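# Commentary on secondary and tertiary structure
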Amino acid sequence: MTDTTSLPRDPGTDDPLVNFQGKTPYDDYVHASVLSSLQQPLTNDPHEMAFLVTTQVMELWLTLVVHEWRAAQDALVKDDHERAMDALRRSISAHHALNDSIRPIARMTPAQFNGFREAFGVASGFQSAKYRQMEFLLGHKSRSMMNPQRADPRAYAELEELLNRPSLYDTTLAYLHRRGLPVPEHVLERDVTAPYEADPDVEEVWRRIYAGPQKDPLLDLGEALTDLAELVVRWRGNHLLAARRAMGAKSGSGGSSGVAWLEKRAARSVFPELWTVRGRV
């Protein structure tokens, strides 16, 4: 490790340390110099730097969201409600930041986007392993969606693990079952590698919670998940609108139909019974 031992300073001063042997402790911890070296534009277009930084920042926020959702899962498995809620609340804050992070490129015109688009070839956000992890945790499972990572053993193994474990919603429903609510066995024992499908019996479980005491911790859990579902939908919508402004109906760089494909993905429900139950309370 780089020696960051500070040099002596004058006694009695309250100025911060400014002399170090090697990198600063800040850089050793945050790796700021590494982060700021990762932007390597392939063109001289003035908009490409914003596109690179924004995309990389979104990857970092996705990493944090996935981390917090997994922490919430681990807590729910241990029936630790407060720790699970803490992780979910942290993930809500992180997701707000994720949603806001697209702003530097959200209003890019077609001409501005075309200035560097050809440089990244067939690269596409669809290929993001961390985005795929997020979708798997939401219950949107598909083995075929792992194919972009097939040649990357580590990324593929991480997705394989998430494909075969319960989603965040599956874990929540199992927790509700242990709390005495009638989550049906066919839901608890479903094939977790398949996409989650709404179930009327699960809706009834949420109806009992939402029609009950408004200070119920389980209602708080439902609302935290609803907050996340809303943020996911808004994030998809932001991405869709940015793509529509920048490229219209053109095909996507990764081979998809572009905006039409994004529209289809954006329409997928997140934690469906938490939305349908509201008309029954």
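Refer to the preceding data block for the structure.
Residues numbered from 1 in each chain as written. Predicted model: local features only at pLDDT ≥ 70, side-chain atom pairs only at ≥ 80, totals over all residues. Heavy atoms only, no water.

## Describing the packing of aromatic side chains
Where we set the bar: Aromatic rings from Phe, Tyr and Trp, taking only the six-membered ring of Trp, are treated as a pair when their centres fall within 6.5 Å; an angle between ring planes under 30 degrees marks them as stacked, one over 60 as edge-to-face, and anything in between as tilted. Numbering of helices and strands runs from the N terminus, with a helix taken as a DSSP run of H or I at least four residues long and a strand as a DSSP run of E at least two residues long. We call a residue buried when its accessible area falls under 20% of the maximum for its residue type, exposed when it is over 50%, and partly exposed in between, using a 1.4 Å probe and counting protein chains only. Two limits define a charge over a ring: the Lys NZ or Arg CZ must be within 6 Å of the ring centre, and within 35 degrees of the ring normal.
Under the definition given, this model contains ten aromatic pairs. Both rings, one in Tyr169 and one in Phe271, keep their centres 5.1 Å apart while their planes meet at 25 degrees; by these two values the pair is stacked. Within this pair, whereas Tyr169 is found in helix 8 (residues 168-178), its partner Phe271 is found in the loop between helix 12 (259-266) and helix 13 (273-276), the two being separated by 102 residues in sequence. Take Phe271: its relative accessible area is 2%, and that puts it in the buried class. Of note, Arg278 hangs over the ring of Trp275, and the distance from its end group to the ring centre comes to 5.8 Å.

## Observations regarding helix 3 (residues 48-77)
Defined as follows: Each residue after the first adds 1.5 Å to the expected span of a helix.
Spanning 30 residues, helix 3 covers 44 Å between terminal C-alpha atoms, matching the ideal 44 Å at 1.5 Å per step. Just beyond helix 3, the residue with positive phi is Asp79, at close to 60 degrees.

## Side note on the nonpolar core
We apply this condition: Definition used in this section: a nonpolar core is a set of buried Ala, Val, Leu, Ile, Met, Phe, Trp, Tyr and Cys residues joined via side-chain atoms within 4.5 Å.
In terms of nonpolar packing, the biggest core is built from 66 residues, with Leu176 and Trp206 touching the most fellow members. Breaking this core down by element, the ones donating at least two residues are helix 3, helix 4 (81-100), helix 6 (129-137), helix 7 (153-163), helix 8, helix 10 (200-211), helix 11 (217-247) and helix 12. The element best represented in this core is helix 11, accounting for 15 residues.

## Observations concerning unusual backbone geometry
The phi dihedral of His31 falls on the positive side, at around 60 degrees, and the residue is not glycine. Residue position: His31 is located in the loop between helix 1 (25-30) and helix 2 (32-35). Since its relative accessible area comes to 44%, His31 is described here as partly exposed. Within the chain, Asp79 stands out as a residue other than glycine whose phi angle is a positive 60 degrees. In this fold, Asp79 is placed in the loop between helix 3 and helix 4.

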